[in-house]
Amino acid sequence: MRDNAGHYDVAVLGGGITGLTLALQLKRTDPDITVTVVERQRHPAPEAAHKVGESSVEVQAHYLRDILGLEDHLEQEQLHKFGLRMFFTHEGNTDIAHRVEYGQVAAAPLPSYQLDRGRLENRLGELVAEHGVAFRQGCKVTGVHLGAGPDDHVIEVDDGAGGHRLTARWVVDATGRAGLLKRKLNLAKPLGHRANASWFRIEHPMDVQRWSADETWQARVCDGQRRLSTNHLMGPGYWVWLIPLASGSTSVGIVAADDTHDFAGFNTLDRALDWLDEHEPQCAAEVRAHAGRIQDFRVMKNYAYGCEQVYSADRWCLTGEAGVSIDPLYSSGGDLMAISNGLITDLVVRDRRGESIEDRAAAHNQVYLVISDVWLVAYENQYPLMGNPKVMVAKVIWDTIIYWAVPGLLFFHDKFRRLGESPQAFGNLQRTWFLHARVQQFLREWHAVDDEPAADTFADPYSLLEFIVDLHNGMAAGLPDDELEEQFTANVLLLEQVAGQLVSTVIERLEAGGAGEAARQQIDAWRGDELLREVVERFGESDLSSTVDPAWITLGSRTAAVAG
């Protein structure tokens, strides 16, 4: 083992997107801080055929663009995303024009991006070096000794020419699924959500717009391109993603629940293509027509996992997928990365100022794990709903509303690192969690008694619910702290009212349609549920009962709902 190769304020283990963005954020926040990033691979990373996680949503987009200053790169080297778009299963999925479609028809007020991860990580590598970060490439971490010195951690590194030691006051694990510190400290927390994924990149610009010549269907999207959306092809227990990349390639992925689709059915390229033949024949046909241009193939089994602790006042942290991995459906991994990196930066900077971080580390740890749990309930046990267009459209709209109203609002206003100082705001976060969990359960219960096929319907969230434009814009409103507290409280009340409309409308429609015995029993159970009764009452007392059309719950049907 060679001599000590340097002392740093922060050693970041892992130089993928999570580690590099954290290093950049640390240097932009405190230019005098000393940071090293230790990465096993060498740059430049390959474009297109690289890592999963190409689609960003508003929180990650704000983090990359505004907090890290990457706007020029995003605008010039990446693609603008045209929102999330879903096509629900219909009669063998041979004609996309007849599938229920969820998606926007015009650009959203706040932009997000489709990311070529190799291209982005190469730029991040350049930026951290420009900011004075010691970016050690081609280096393998062979050991981590926490608290081995009076104030330092010791990291053993092999650069291929031999081993050496680094010391650092802080060590942050950003090694992704390798989870060096998680394994060392026995922090793994299994989750009940079990699903698998396989994916590949193809050097061909796949475009769902060309899958049908139906002029009416083509004209639905008049101010944007379906190809630039994160397109999801939905079916019972599964979804397939189609994501365009700036290189001209397309990322194609299969994600399926473990209990309905055997991973062995799509865990090799040949099996994945056969699986697409069976479940998504239009997608399969285009891939097979350009099969010689497939660039890679990767798999991820049981991708969801939790963590018992991610931050410690003993100056170690886990960030990104080194700590928690949930589900790619709504591209939440990049958001959790952004939130986590911000909380870690806050701890490191306060420690450098000589502040005690004992209580703050505990508070940040609790906030991050609660946020992770809020996200998790949107996915756990929800994959059976993906074959039910009516329930799933309502679910996606609900999930979008809660995302913009809570984590989006808090992140854009830099509130997460100050949440422990506000009992009211943290209480609202927990209130949201309980409500969100009950709504997700309600959606499962609704699906169990109301699962009918649907076709030839288009659901644009912005036209179905006009107030969500205000929620979307409200994330970037720049409110002072007292007004932010008021807005957060108002948003949680709105969520309760919207939940009440959902429950009221579903009950009304089931009864109007001659509910069978199972549905009648479920309705009685809903009416006896204290939380559901409360949100129905709040809906009935609100302006929503007369101003918000329940069409978002009924796939466009305009029957009015009554509270009851």
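Report on the accompanying structure. This one's a predicted model, so the numbers in the text were calculated from it and none came from an experiment. (Residues numbered from 1 in each chain as written. Predicted model: local features only at pLDDT ≥ 70, side-chain atom pairs only at ≥ 80, totals over all residues. Heavy atoms only, no water.)

**Side note on the overall build of the protein chain**
How we decide: Helix and strand definitions follow DSSP, with helices as H or I runs of at least four residues and strands as E runs of at least two, each counted in order from the N terminus. Note on method: radius of gyration uses C-alpha positions; expected globular size equals 2.2 Å times residues raised to 0.38. A simple rule labels every residue: compare its accessible area, found with a 1.4 Å probe on the protein chains alone, to the largest value its type can have, and call it buried under 20%, exposed over 50%, or partly exposed in between. Contact criterion: two residues are considered in contact whenever any of their non-hydrogen atoms come within 4.5 Å of each other. We get accessible surface area from the Shrake-Rupley algorithm with a probe of 1.4 Å; when it comes to residues, only the shown protein chains can shield them. For the purpose of counting charges, residues Lys and Arg are taken to be positive, whereas Asp and Glu are taken to be negative. His and the chain ends are not included. Taken as the charge location is NZ of Lys, CZ of Arg, CG of Asp or CD of Glu.
Secondary structure assignment for the protein chain yields 18 helices and 20 strands. Against the compact-globule benchmark of 24 Å for 564 residues, the protein chain has a radius of gyration of 24 Å, which places it among compact chains. Buried positions account for 60% of the 564 residues belonging to the protein chain. In the protein chain, once contacts between residues fewer than 6 apart in sequence are set aside, the share between residues at least 24 apart is 78%. Of the roughly 21,200 Å² of accessible surface on the protein chain, a fraction of 47% belongs to carbon and sulfur atoms. Averaging the locations of the 52 positively and 81 negatively charged side chains of the protein chain gives two centres separated by 5 Å.

**Side note on unusual backbone geometry**
At the junction of His43 and Pro44, the peptide bond is cis and its omega measures out at 5° in the coordinates. Assignment of secondary structure puts Pro44 in the loop between β2 (35-39) and α2 (58-67). You will see that Ser331, though not glycine, has its phi angle at about 60°, which is positive. Within the fold, Ser331 resides in the loop between β19 (316-318) and α9 (332-352).

**Notes on the pairing of strand β9 (residues 153-158)**
Using the following cut-off: Whether two strands pair depends on DSSP finding at least two bridges between them.
With respect to burial, β9 is a largely interior element, 5 of its 6 residues being buried. Where strand β8 (residues 140-145) meets β9, 5 bridges bridge the pair, whose relative direction is antiparallel. Across the sheet, the residue bridging to Lys140 is Asp158, located in β9. Sheet analysis places β9 next to strand β10 (residues 163-173), joined by 6 bridges and oriented antiparallel. Along β10, the bridge assignment pairs Val154 with Thr167. Linkage of β9 to β10, two consecutive antiparallel strands, is achieved through a turn of 4 residues, within which Gly160 is found at a positive phi near 95°.

**Things to note about the sheet that holds strand β14 (residues 238-244)**
In spatial order, the strands read β16-β12-β15-β14-β13-β4-β5-β20; together these 8 strands make up an open sheet with mixed pairing. Each end of this open sheet is capped by a strand with a single partner; those strands are β16 (298-300) and β20 (458-459). Strand direction decides the pairing type here: strand β4 (residues 84-88) and strand β13 (residues 230-235), joined by 5 bridges, are parallel. Looking at β13, one finds that Arg85 is bridged to Asn231.

**Comments concerning the nonpolar core**
Put simply, the rule reads: To define a nonpolar core, start from buried Ala, Val, Leu, Ile, Met, Phe, Trp, Tyr and Cys residues and group those joined through side-chain atoms within 4.5 Å.
One finds Trp446, Leu502 and Trp552 to be the most contacted residues of the largest nonpolar core, which totals 159 residues. Tallying contributions element by element places helix α11 (residues 389-412) first for this core, with 17 residues. Leaving out residues up to four positions away in the same chain, Trp446 has contacts with Lys390, Val391, Ala394, Leu502, Val506, Trp526 and Ile553. Membership of the second largest hydrophobic core comes to 26 residues, among which are Ile96, Val208, Val252 and Val287.

**A few points about the packing of aromatic side chains**
Selection criterion: Put simply, two rings from Phe, Tyr or Trp (the six-membered ring, in Trp's case) pair if the centres are within 6.5 Å, and we call them stacked under 30 degrees between planes, edge-to-face over 60, tilted for the rest. Note on geometry: a ring has a charge over it if NZ (lysine) or CZ (arginine) is within 6 Å of the ring centre and within 35 degrees of the ring normal.
Counted according to the given criterion, the structure contains 14 aromatic pairs. Where Trp199 meets Trp241, the ring centres are 6.3 Å apart and the plane angle is 35°; that geometry is what we call tilted. Taken as a pair, Trp199 in strand β12 (residues 195-202) and Trp241 in strand β14 lie far apart in primary sequence, 42 residues in all. The same class applies to Trp199 and to Trp241, which are both buried. Among the aromatic residues, those joined into a cluster by ring pairs are Tyr238, Phe263, Phe266 and Trp275. The residue whose ring lies beneath Arg226 is Trp217, and the NZ or CZ to ring-centre distance is 3.8 Å.

**Points about the packing of α11 against helix α12 (residues 423-449)**
For clarity, the threshold we go by: An axis is simply a line fitted to the C-alpha atoms; with a helix, the fit covers only the stretch in contact. Between two such axes, the angle follows the N-to-C directions and lies from 0 to 180 degrees. Each angle is binned into one of four classes, with values under 35 degrees roughly parallel, values over 145 roughly antiparallel, values of 65 to 115 roughly perpendicular, and all other values oblique. Each residue is assigned to one class: nonpolar for Ala, Val, Leu, Ile, Met, Phe, Trp, Tyr, Cys and Pro, charged for Asp, Glu, Lys and Arg, and polar for all the others, Gly among them.
Following both chains from N to C, one finds α11 and α12 inclined at 175°, their axes separated by 10 Å at the closest point. Here α11 is positioned roughly antiparallel relative to α12, judged by the angle of their axes. Across the interface between the two elements, Lys390, Val391, Ala394, Lys395, Trp398, Asp399, Ile402 and Val406 of α11 pack against Leu429, Thr432, Leu435, His436, Val439, Gln440, Leu443, Trp446 and His447 of α12. For the contact of α11 with α12, a count of residues per class yields 10 nonpolar, 4 polar and 3 charged.

**What to know about the pattern of salt bridges**
Short version of the rule: In the sections that follow, a salt bridge refers to a side-chain nitrogen of Lys or Arg positioned within 4 Å of a carboxyl oxygen of Asp or Glu.
Counted under the stated rule, the structure contains 37 salt bridges. Close ionic contact of Glu280 with Arg99 constitutes a salt bridge, the shortest N to O distance being 2.8 Å. With Glu280 in the loop between α7 (269-279) and α8 (281-289) and Arg99 in the loop between β4 and β5 (101-102), the pair connects residues that are 181 residues apart, well separated along the chain. Exposure remark for Glu280: the relative accessible area of 1% places this residue in the buried category. For Arg527, the salt bridge identified is with Glu511, shortest N-O distance 2.9 Å. With Arg527 in helix α16 (residues 517-527) and Glu511 in helix α15 (residues 481-512), the pair connects residues that are 16 residues apart, well separated along the chain.

**Side note on the environment of Ala551**
Note on placement: Ala551 falls in the segment after α18 (544-547). Measuring from C-alpha to C-alpha, the distance between Ala551 and Phe87 comes to 18 Å, with 464 residues separating the pair along the chain.

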